[in-house]
Every structure is written in structure tokens, then in C-alpha cells.
Amino acid sequence: MSTSEPTDGESEADAETAAFIKDSSKRTAVLERLVAGPASAADVADRDAPSIEGVRGVSGTLGVSDTQSTAEELRDRGLVELLVDGDTRVYSLTAKGERILFTLTWDEQ
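Below: a short report on this structure.

**Section: helix α2 (residues 25–34)**
Residue pairs three or four apart in sequence face the same way in an α-helix, which turns once every 3.6 residues.
Turning to step 1, where the next piece is worked out: Burial analysis of α2 places eight of its 10 residues in the buried class, which makes it a mostly covered element.
Turning to step 2, where the next piece is worked out: Every buried residue of α2 is listed here: Arg27, Thr28, Ala29, Val30, Leu31, Glu32, Arg33 and Leu34.

Structure follows, in C-alpha cells:
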């Protein structure tokens with residue numbers, strides 16, 4: 001088996017994480033918006049929602065405090081990482097976050 005293929009346990013965990021993301025349009029929106037690249041909570045909040053087939057997050061502007069708390073929640077699950085640029089907290093999508101977003105897209109098709 002190749003190391004890039006998920007084990008049954010990883011697939012189950014990814015399915016559970018995907019369900020966790022789908023339960024909140026804010027979680028989905030933050031992940032979607034981080035596809036464009038690392039950004040501060042304010043920048044993520046102001047970004048337009050990308051057009052990702054099958055994935056539906058919040059369209060329009062998110063609140064900065066909601067974005068920051070949601071990003072921290074996603075960070076706790078390993079979907080987002082925190083980068084620090086001086087005094088600015090910058091969030092970035094992890095490989096796991098990308099995989100889960102792909103899983104959401106794939107499941108909707």
C-alpha cells in the first residue's frame with residue numbers, strides 16, 4: 001500500500017471531520033476562503049466565497065471575531081495552522097484541511 005492512501009481509520013476520521021465541517025456553514029466558509037492562501041482573520045472574513053462545486057459556506061462577509069474563533073476551532077482539529085507575521089495572526093490551510101475540503105466536494109457529487 002502506498003503511504004499516500006488513507007487507512008480505514010483515517011478514512012473514518014476524515015468522514016467524521018467532514019461531517020463536523022458540514023454542520024457549520026462558518027467552518028465550511030473559513031476552509032473555503034483559506035484555499036486562496038494564508039490570511040489574517042480579517043482578510044479571511046472579507047474574502048469572497050470561492051466557487052467550489054458541491055461545497056456551500058457563508059456567502060458575503062463573515063464577522064472577524066467569528067472567523068477567528070472558527071479558525072481556532074479548525075486549528076484544534078488540525079485543519080488550519082497558525083502562522084505569525086509580526087503581531088498578526090495568519091491562518092493557513094493544512095494538507096488535512098485540503099483533504100477534508102476535497103472530501104466534502106467529492107461527497108456532494
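**Side note on the side chain of arginine 27**
Turning to step 1, where the next piece is worked out: Tracing the chain through its elements places arginine 27 in helix α2.
Turning to step 2, where the next piece is worked out: For arginine 27, a relative accessible area of 14% translates into the label buried.
Turning to step 3, where the next piece is worked out: Those residues in contact with arginine 27, other than ones at most four positions away along the chain, are Phe20, Ile21, Thr70, Glu73 and Leu74.

**Remarks on helix α4 (residues 64–76)**
Turning to step 1, where the next piece is worked out: For α4, with 13 residues, the first-to-last C-alpha span of 18 Å sits near the 18 Å given by 1.5 Å per residue.
Turning to step 2, where the next piece is worked out: Within α4, the full set of buried residues consists of Thr67, Thr70, Ala71, Glu72 and Leu74.
Turning to step 3, where the next piece is worked out: Immediately downstream of α4, the backbone of glycine 78 shows phi near 80 degrees, a positive value.

**Considerations on the packing of α2 against α4**
Turning to step 1, where the next piece is worked out: One way to put it is that α2 packs onto α4 with a least axis distance of 9 Å and a crossing angle of 85 degrees. With respect to α4, the element α2 is oriented roughly perpendicular. Across from Lys26, Arg27, Val30 and Leu31 in α2, the residues of α4 making contact are Asp66, Thr67, Thr70, Ala71, Glu73 and Leu74.
Turning to step 2, where the next piece is worked out: Of the residues belonging to the contact of α2 with α4, the class tally is four nonpolar, two polar and four charged.

Calculation rules
- Residue positions are counted from 1 within each chain, in the order its sequence is given.
- Selection of residues for local features in this predicted model requires a pLDDT of at least 70, selection of side-chain atom pairs for listing and counting requires 80 or more, and totals for whole chains, interfaces and linings are taken over all residues.
- Values reported for side chains reflect all heavy atoms of the structure, with hydrogen atoms and water molecules removed beforehand.
- Only protein chains enter the accessibility calculation, which uses a 1.4 Å probe. A residue is then buried if its area is under 20% of the maximum for its type, exposed if over 50%, and partly exposed in between.
- Helix and strand definitions here come from DSSP, where helices need a minimum of 4 consecutive H or I residues and strands a minimum of 2 consecutive E residues; each element is numbered from the N-terminal end.
- Pairs of residues are marked as contacts when any of their non-hydrogen atoms sit within 4.5 Å.
- In a helix, the anticipated span is given by 1.5 Å times the number of residues less one.
- Every axis in this analysis is a line fitted to C-alpha atoms, fitted for helices over the stretch in contact. Angles between the N-to-C directions lie between 0 and 180 degrees.
- For classification purposes, angles smaller than 35 degrees are called roughly parallel, those larger than 145 roughly antiparallel, those between 65 and 115 roughly perpendicular, and all remaining angles oblique.
- Any residue outside Ala, Val, Leu, Ile, Met, Phe, Trp, Tyr, Cys, Pro, Asp, Glu, Lys and Arg is labelled polar, Gly included; the first ten of those are nonpolar and the last four are charged.

These results come straight from atomic positions and should not be treated as a statement about function.
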